[in-house]
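Here is how the chains run, residue by residue.
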Amino acid sequence: MKTFKSLIISLLATFALPFPVDAAEINCNSPVWKNKSVCNKKKAKLKEPNFCKDSNLTAIQKEECLSIKTKIEKKNAKKNPKYPVVFANNSLTMWKQKHFLKDQFFWKADTKTVLTINKGLGGKKFETIYEIPTERIISYEQSLVDMSDNAAQLATNVGITAVFVPILAIGQGINYRKMEHYKWKILFIDEFGREITQELYPISELPAADRYYTFLSDLTGLKNGETRSSKFLETYYLDGINKFTEKLEKDFVNLSTYNSVQSCKELDTSSYPLSTNIFLEEKKQLDSLRERFGYSPYVITGSCS
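A brief look at the structure comes next. Because the structure is a prediction, the values reported are computed rather than measured. (Residues numbered from 1 in each chain as written. Predicted model: local features only at pLDDT ≥ 70, side-chain atom pairs only at ≥ 80, totals over all residues. Heavy atoms only, no water.)

Quick look at the overall build of the chain
- Scanning the chain from terminus to terminus reveals eight helices and 10 strands.
- Scored against the burial criterion, the 305 residues of the chain give a buried share of 32%.
- Of the contacts formed within the chain by residues at least 6 apart in sequence, a portion of 56% connects residues at least 24 apart.
- When the accessible surface of the chain is totalled, it reaches about 20400 Å², and 55% of it is carbon and sulfur. (Helix = DSSP H or I, 4+ residues; strand = E, 2+ residues; numbered from the N terminus. Buried < 20%, exposed > 50% of the residue type's maximum accessible area, 1.4 Å probe, protein only. Contact = heavy atoms within 4.5 Å. Areas by Shrake-Rupley, 256 points an atom, 1.4 Å probe, with all protein chains shown as cover.)

Written as C-alpha cells, this is what we have:
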C-alpha cells in the first residue's frame, strides 16, 4: 500500500514540475516561460573562450575554438524564408491581408522556382504583371534606405507630443513601432529576351524577420550585386529572340495592309497609329537583341521594306 501511495505521490510531483521534461515544446517567447531557467539556457549566447585570442594555440585548443566559432556562426545565421512568401510595396501588410490595395505592387513566390510581380486591383483581385522563372534573374540589389517609426502618427492619434511617444507608448501599451525601409531591385530576362528592371520598397517592423534579409539570396542563389554569367544566360536570350520574332510576325499580319503596286505588305499606320508605333519600337528592341549576338536586323516576312 505504501509503495502504491509513493508511486502516486511521485506521479503528482512530476506533473507539478515547473516545466515539462521535453524542453523543446516550451514556447520561450511567452510571458510565462521567457524568464525561466530552461529558457535562459536556450537563449544563452555562445562565446569563444578567452584563450582563442592567443596566437600560440595547441592543436586541441585550435580545434575547440574553430568548433565553437562554427556553432556561433550557425546559431546567428539568418534563416531562409518558408514559402509561399509575399512582400508588398511601401506596406507592412503581408499575404495574410484580406484584400489588396488598388495599384499596390507586391512580389510573391510560391516556391523557389518562380517569382511573380503583381498589381492589386482592389479587394481580393490582382493582376500578374510578370511571371519570372528564377533562373532568368540576372542579378539583384537590396539595401536599407531609411529607418523610421510611427511616433508622429501616434502623437496625432492620442494628442501628445511626438518626442514623448516612445516613452509613453511603453507605459500606456500604445503600439509604438520602429521600422526599416528597404529598396529591392532585380534585373531579369523576360520571355522575349529583353532585360527588365523592377523595384520594390518593402517595410519591416523591428526586429525584422529573417526573410527580409534572405529572400532574394535564397530565391536566386546569388549574392547581393552578383551577376549570372553570360554563358549561363545565353540560352534565355536566344530563346527570347525566337519568341519575339514569332510575336512580331503575328502582329505584322494583324497590322498590315497589302500594297498592290509593290506586291508586298506594309503597316497600316492610318488605321492603327498607336499599335504600329508599339510594333516599330518592339522591332527596334528585337534588332538590338540580334545585334548583341552578331545577327543582322530581322526582315519581316512579306514586308515592303
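Side note on the sheet that holds strand β3 (residues 114-122)
- With antiparallel pairing, the four strands of this open sheet are ordered in space as β1-β2-β3-β4. Looking along the sheet, the strands with just one partner apiece sit at the ends: β1 (85-88) and β4 (125-133). Direction aside, neighbouring strands of the sheet carry axes that sit 20° apart on average.
- Pairing geometry for strand β2 (residues 105-109) and β3, over four bridges, is antiparallel. In the strand pairing of β3, Phe-105 is matched with Lys-119. (Pairing = 2+ DSSP bridges. Axes fitted to C-alpha atoms, helices over the stretch in contact; angles between N-to-C directions.)

A look at unusual backbone geometry
- At the junction of Tyr-83 and Pro-84, the peptide bond is cis and its omega measures out at 5° in the coordinates.
- Tracing the backbone through its elements, the reader meets Pro-84 in the loop between α3 (59-76) and β1.
- Positive phi is not limited to glycine here, since Ser-263 has a value of about 55°.
- When you line up the elements, Ser-263 lands in the loop between β9 (256-259) and β10 (264-267).
- For Ser-263, a relative accessible area of 52% translates into the label exposed.

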